[in-house]
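# Examination of the molecular architecture
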Amino acid sequence: MKPSIKTFYHTPSSTMTYVVSDPATKTAAIIDPVYDFDLPSGQVSVSSSNEVIDYVNEQSLDVQWILETHAHADHLSSAQYLKQHLGGTVAIGKGITGVQKTFKQVLNLPTFTTDGSQFDQLLVGGDRLPLGDLAIKVLATPGHTDDSVTYVIGKNAFIGDTLFMPDSGTARCDFPGGDAALLFDSIGKIFALGDEVDLWICHDYQPGGRALKFKTTVAKQKADNIHLANDVDKTKFVSTREERDATLAVPKLLYPAVQVNICAGHLPEPEVNDQAFVKIPLSLIQ
Ligand SMILES: [Fe+2]
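Cut-off values and rules
- Residues numbered from 1 in each chain as written.
- Predicted model: local features only at pLDDT ≥ 70, side-chain atom pairs only at ≥ 80, totals over all residues.
- Heavy atoms only, no water.
- Helix = DSSP H or I, 4+ residues; strand = E, 2+ residues; numbered from the N terminus.
- Rg over C-alpha atoms; globule rule 2.2 N^0.38 Å.
- Buried < 20%, exposed > 50% of the residue type's maximum accessible area, 1.4 Å probe, protein only.
- Donors = N, O, S within 2.8 Å, 3.2 Å for Na, K, Ca; no water.
- Axes fitted to C-alpha atoms, helices over the stretch in contact; angles between N-to-C directions.
- Parallel < 35°, antiparallel > 145°, perpendicular 65-115°, else oblique.
- Left-handed = near helix turned anticlockwise from the far one by under 90°.
- Contact = heavy atoms within 4.5 Å.
- Nonpolar A, V, L, I, M, F, W, Y, C, P; charged D, E, K, R; others polar.
- Disulfide = S-S within 2.5 Å.
- Expected span 1.5 Å × (residues − 1).

## So, the overall build of the protein
Of regular secondary structure, the protein possesses seven helices and 14 strands. Taking 286 residues into account, the globule formula puts the C-alpha radius of gyration at 19 Å, and the protein, at 18 Å, falls close to it. Along the three orthogonal principal directions, the C-alpha set of the protein runs to about 55 × 55 × 35 Å. Taking all 286 residues of the protein together, 51% fall into the buried category.

## Some words on the coordination of the iron ion
For the iron ion, the full set of protein donor atoms is His 70 (NE2), His 144 (NE2) and Asp 161 (OD), at a range of 2.1 to 2.3 Å. Within one chain, the residues serving as donors to the iron ion are arranged as H-x73-H-x16-D. Highlighted residues: His 70 in the loop between β6 (62–67) and α2 (79–86) and His 144 in the loop between β10 (134–140) and β11 (149–153), separated in sequence by 74 residues. The pair His 70 / His 144 is uniform in exposure class, with both members buried.

## Considering the packing of helix α1 (residues 47–58) against α2
Viewed as axis vectors pointing N to C, α1 and α2 meet at an angle of 30 degrees, and their least axial separation amounts to 10 Å. Taken as axis vectors, α1 and α2 run roughly parallel relative to one another. When the axes of α1 and α2 are compared, the crossing they make is right-handed. Listed contacts from α2 to Ser 49, Asn 50, Val 52, Ile 53, Val 56 and Asn 57 of α1 are Tyr 81, Leu 82, His 85 and Leu 86. By residue class, the composition of the contact of α1 with α2 is six nonpolar, four polar and no charged.

## Let's talk about unusual backbone geometry
Of note, the phi angle at Ser 14 is positive, near 55 degrees, even though the residue is not glycine. Along the chain, Ser 14 falls in the loop between β1 (4–10) and β2 (15–21). When its relative accessible area of 11% is taken as the criterion, Ser 14 is described as buried. With a phi close to 50 degrees, Gln 206 is a non-glycine residue in the positive phi region. Relative to the elements of secondary structure, Gln 206 occurs in the loop between β13 (198–200) and β14 (215–217).

## Here's the deal with the state of the cysteines
Under the criterion given, the structure shown has zero disulfides. No disulfide involves Cys 173; its sulfur sits 14 Å from that of Cys 202, the nearest cysteine.

## Some details on α1
End to end, α1 covers 16 Å across 12 residues, agreeing with the expected 16 Å (1.5 Å per residue, within 8%). Residues of α1 that are buried sit in contact with β1, β2, β3 (27–31), β4 (36–38), β6 and α2. Where α1 terminates, the next one or two residues include Ser 60, which has phi positive at roughly 55 degrees.

## Regarding the packing of helix α4 (residues 180–191) against helix α6 (residues 234–245)
The geometry of α4 relative to α6 is characterised by a closest axis approach of 9 Å and an angle of 125 degrees between their N-to-C directions. Taken together, the axis directions place α4 and α6 in an arrangement best described as oblique. Seen along the crossing, α4 lies across α6 with a hand that is right-handed. Note on element contacts: α6 touches α4 through Lys 234, Phe 237, Val 238, Arg 241 and Glu 242, opposite Ala 180, Ala 181, Leu 183, Phe 184, Asp 185 and Ile 187. Split into classes, the residues belonging to the contact of α4 with α6 amount to seven nonpolar, no polar and four charged.

Any functional reading would require information beyond the geometric quantities listed.
What follows is the structure, given as structure tokens:
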């Protein structure tokens, strides 16, 4: 049986959240949930997450999994909020421990634990997670980040930040732990799933103002992806990717997002008067 797939688009971060469910048993997984976050005020809110909760309740779904494709740098994960309201096991790729070690240093978080224990489960390539009568197969797809994984459910792959829609190319590889050569190999693994497999995209930035798109196929990516055209080889891909990455700005929400996301979507502990904080490293440019 095919899974039911419901897409939620978070406009401020251009992120797709997916609810994937087994129609026979109503068992569901939520992939890449988002908080609404207003940087100037520090306000974290839940209206986008509540849309997901409403859908799950309307459909009488039983959420077994809350899955991250990776530690995102552009939005704050609402995994814990959804877990609190819907249940489910919060899981991410085991490579999160490397991301945690990196940002423990970058952000000077001396008491932060880097064994991934903030998550309920750490995943490695080859893992198979039950989803009612269906299964979620985990494919390790590092390159954008160390911890990036793809979730394969039947003929559907939720590919995180590896490939965007064909007109938008591939994900940046310049974050700590990113590696364009690894991304090229990971794209090869996604292509090996088969031409007919549907690829569900994590972000769409609507280039040229075109309508939102979030679903494509392996065949279409092979034919049309602007970073992979003309059977580009690994060396050429890496140089093109690295040249482009050198021009990209730091994501606006990088530091707040990473602090929450390496902690499985737990907001920082309040310090005084119930007030929590995030850190931003400063550098003086003269
Ligand atoms: Fe990302």
